[in-house]
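Summary of the model geometry
If you want the building blocks of each chain, they are given just below.
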Amino acid sequence: MQREFRDASSGPVKHVANRLLHALNQDVPQVERESKSTDMSETWEDHLRRTFRSMITARTLESKLASLYKAGKIVGGVYIGPGQEAVSASIGSCLTWNRDIFGALIRDQGGRTAFGEPILDATRSYLGSVKGPSKGRDGNIHRGHPAQGLPAMISHLGAMVSVVAGMLLARRLQGRLDGIVGAVSVGDGASSTGSFHEGINLAAVERLPLVVVLTNNQFAYSTPTDRQFRCRSLVDRAIGYGIPGYEVDGTDLLASLEVISKAVTEARQGGGPQLVVANLLRLSGHGEHDDGSYVPDEIRNSALGRDCMEVAEHQLLQAGFVTEAELESWKNEAAEQVQAAVAQAQQEPSPDPYTDDWSVYASPELAEDC
Amino acid sequence: MEEVTYIDAIREAQHDLLASDERVFIYGQDVGDFGGAFKATQGLKSLYPDRVIDSPISEDAMIGLAVGASIEGMRPIVEMQFADFSSVGFNQIVNQAGTQFYRTGVPAPITVRLPSGGTPGSGPFHSQMMESVYAYYPGLVIVTPATVADAYSMLVDAVALDDPVLYCEHKFLYRWLKSDRLSDDDEKLPIGQARIVRAGKHATVVAYSAMVHEALRAADLLAEEGWEIEVVDLRSVKPLDTDTIVASVARTGRLLAVGEAFPWGGVTSEIVSRVTNDGFHLLDAPPQRLNSRDTPVPYHPNLWEAHRPTLESIAAAIRNLLRL
């Protein structure tokens, strides 16, 4: 199942060398210290630290949500993204809340946190608080803050690609697109939809600053990639769209942040849409109801099955970007924040069908009593 | 004043919207320099080059893009080349646009123009009526203008509305229907209000879109036989103006609901259902429905004429209703 990673090839598709594939067993190469992020006031080191902290928060939060699910405290299902935090948080940490746009998907707690979504949004949505972003009208990962650049995903895969493209097109028409980027998260399953194809092709036609991050986590629910697509690598799709493509080891924070940061910078600077394909393994079931028993041990034990949290921790410690003591305090702080967010959401009222206005129209005069 | 056609009204409304509101842009296949498959956007690209945008053939992404743009404060008008092709954008219409406000509190004010209905020789995939399909879903507004003035004012009103609107324009009316006025302020009604276009006392015919004109012709025919038939133009099928319909039935005691859509369920069923619920005691006869046949829309004009309700079939249905 494990696909061979390749070095830079000719043509518009650039395969990023997977130089850190075996980082756990090797000395980490010298990491450049100059800024690779677009905010020049932030060093590369700080950008990495910020991204990793969001990963810690996300992992801590989702572990708690999984426990609450098993304890029967959650309304509906729980969909978490262990193993995907490095990629997801790298997207979010390259974007600015209320300025850029992030079309988050099912396994994007890392990206949501890094982008700026309060973790209360997650606990309120999962625990059924009426104060959640959807007031209980929708839940779990379908939450968002569209007006702040975080559209609320629908379940139909690929559908958010064109929505983010439309948000960017609007900015262009309004003359406020300069320096703005929109990112949208999809998976290997979404890559098979017509919606994904239509959206990314349209963005290419309009040359919009859209970064499509395609996380190939090897399984769409239980469907393996050999039942999903036939091409060598999904990054080859970029050639068909006439846009730059990058492939990266998604278990590797340093590589993921570097590649995603580069794609975001290219898009910001007028380079048009970018496709990043990140390879990794989903380290959970599809949802917490699913034990993922269909995932073969060979994949679990391959490089794809590495836990990005362990890789990142090792990388940052080795590079001297973080100390053991700092890590300890970050983890403690994340645990406290999560505990507080859970406690607050649990104290809050549930939606009340008798006081909900049941309004489906923004123009209330249109409401029919039927 | 020169005569204006139904399609002129649609073009003029879009022109005036582009001129008066910088949030408005038009997105669709061939809408730019080509002026649209039916010339509804003719000349607009040269006047507003940035805001009249040709799209790829991607109905799903076209609607998704419009919803995204609306989140950012724009007022997109999407032209579906034919209503039939909106089925490809169905998911984005009903699940993205239709749920957006309910789920997030952020409105999705998009207008989707659906060139609807049959013309002779158009066949199964260029003739469909989609209003009943979309009316089923919460959060959407469905308008079906039947006059030149409504074609103009309802498009302007649709764009002004903070909710997603499916604007069902009938292709048969494009060049056939003419008026000496683009709009009529005296007769202007808001979206959601039906209009009694012919007063009568023996039976009520509720119709919308092109069927309003067939119903009026049938009423003319019945008048020669001594019957006074009231004709109600729904104007919008969602919201549905139940009050006006029930009030009419209160006067006439008999109801025939006419639609060009397929017969299973849909707008005419909804009308009969509501009148039966709210006005059962007003009815002197079982309420009747007349729709197209339950087959794809046929290609040959002979078959097409016999597929949809016509002057003759509506007149026959009214005569039957009057005998019940």
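Here is a short report on the structure shown in this document.

Parameters and conventions
- Residues numbered from 1 in each chain as written.
- Chains lettered and ligands numbered in written order.
- Predicted model: local features only at pLDDT ≥ 70, side-chain atom pairs only at ≥ 80, totals over all residues.
- Heavy atoms only, no water.
- Helix = DSSP H or I, 4+ residues; strand = E, 2+ residues; numbered from the N terminus.
- Rg over C-alpha atoms; globule rule 2.2 N^0.38 Å.
- Buried < 20%, exposed > 50% of the residue type's maximum accessible area, 1.4 Å probe, protein only.
- Contact = heavy atoms within 4.5 Å.
- Areas by Shrake-Rupley, 256 points an atom, 1.4 Å probe, with all protein chains shown as cover.
- Lys, Arg positive; Asp, Glu negative; His and termini not counted.
- Charge placed at Lys NZ, Arg CZ, Asp CG, Glu CD.
- Pairing = 2+ DSSP bridges.
- Axes fitted to C-alpha atoms, helices over the stretch in contact; angles between N-to-C directions.
- 1 Å grid on protein atoms, 1.4 Å probe; cavity = no way out; pocket = protein on both sides within 12 Å on 5 of 7 lines; lining within 4 Å.
- Points joined across faces, edges and corners; volume = space filled by probe spheres on them.
- Nonpolar A, V, L, I, M, F, W, Y, C, P; charged D, E, K, R; others polar.
- Domains from an automatic or database assignment.
- Parallel < 35°, antiparallel > 145°, perpendicular 65-115°, else oblique.
- Left-handed = near helix turned anticlockwise from the far one by under 90°.
- Salt bridge = Lys/Arg side-chain N within 4 Å of Asp/Glu carboxyl O.
- Polar contact = N/O pair within 3.5 Å; in protein donor to acceptor, adjacent residues only side chain to side chain.

Description of the overall build of chain B
For chain B, the count of helices and strands is 11 helices and 14 strands. Taking 324 residues into account, the globule formula puts the C-alpha radius of gyration at 20 Å, and chain B, at 19 Å, falls close to it. Along the longest, intermediate and shortest principal axes, the C-alpha atoms of chain B span 60 × 45 × 40 Å. Expressed as a percentage of its 324 residues, the buried residues of chain B come to 62%. Considering only residue pairs separated by 6 or more positions, chain B has 81% of its internal contacts joining residues 24 or more positions apart. Carbon and sulfur atoms form 53% of the exposed surface of chain B, whose accessible area is close to 11700 Å². A gap of 3 Å separates the mean positions of the 27 positive and 43 negative side-chain charges of chain B.

Observations regarding the sheet that holds strand β12 (residues 236-238) of chain B
Residue and element names in this part refer to chain B. Pairing is mixed in the open sheet, where seven strands are placed in the order β3-β2-β4-β5-β7-β6-β12. In this open sheet, the two strands that pair with only one neighbour each are β3 (52-54) and β12. For this sheet, the mean inter-axis angle between neighbouring strands, taken without regard to orientation, is 20°. Examined bridge by bridge, strand β2 (residues 24-28) and strand β4 (residues 75-79) share five bridges and lie parallel to one another. Within β4, the position partnered with Y27 by the bridge is V78.

Describing empty space enclosed by the protein
Scanning all chains against the criterion turns up three cavities of 30 Å³ or more. Estimates place the volume of the largest cavity at around 60 Å³. As for the largest cavity, its lining consists of B:G118, B:S127, B:Q128, B:M129, B:E260, B:A261, B:F262, B:S292, B:V297, B:W304, B:H307 and B:R308. Taken together, the residues of the lining of the largest cavity sort by class into five nonpolar, five polar and two charged. Mapped onto the domain boundaries, the lining of the largest cavity takes at least three residues apiece from domain 1 (4-186) and domain 2 (195-323) of chain B. In this structure, the second largest cavity occupies an estimated 40 Å³ of space. Every residue along the wall of the second largest cavity is listed here: A:E62, A:Y79, A:L105, A:I106, A:D108, A:Q109, A:R112, A:Y126, A:I141 and A:R143. Residue composition of the lining of the second largest cavity, grouped by class: five nonpolar, one polar and four charged.

Points about the packing of helix α1 (residues 44-70) of chain A against helix α4 (residues 119-127) of chain A
Each pair of packed helices gets described by two things: the angle between the helix axes and the distance between those axes. All names here are of chain A. As a packed pair, α1 and α4 sit with axes 11 Å apart at the nearest point and diverge in direction by 10°. In terms of orientation, α1 and α4 fall into the roughly parallel class. Crossing of α1 against α4: the hand is right-handed. Listed contacts from α4 to T57, L61, L65 and L68 of α1 are I119, A122, T123, Y126 and L127.

What about the interface of chain A and chain B?
Taken together, the contacts link 39 residues of chain A with 46 residues of chain B. Summed over the shared surface of chain A and chain B, the number is four salt bridges. Residues A:E368 and B:R274 are paired through a salt bridge, measuring 2.6 Å at the closest nitrogen-oxygen approach. Taken together, the links from chain A to chain B amount to 24 residue pairs in polar contact (both at pLDDT 80 or more). Of all the secondary structure elements, the ones that give two or more residues to the side of chain A that touches chain B are α5 (159-173) and α6 (194-206) of chain A. Considering every element that reaches the side of chain A that touches chain B, the biggest residue donor is α5(A), with 10 residues.

Describing the environment of B:Q193
All names here are of chain B. Secondary-structure assignment places Q193 in the loop between β8 (178-179) and β9 (195-198). Separated by 59 residues in the primary sequence, Q193 and T252 place their C-alpha atoms 20 Å from one another. With sequence-adjacent residues up to four places away left out, Q193 is seen in contact with L234, R235, S236 and D241.

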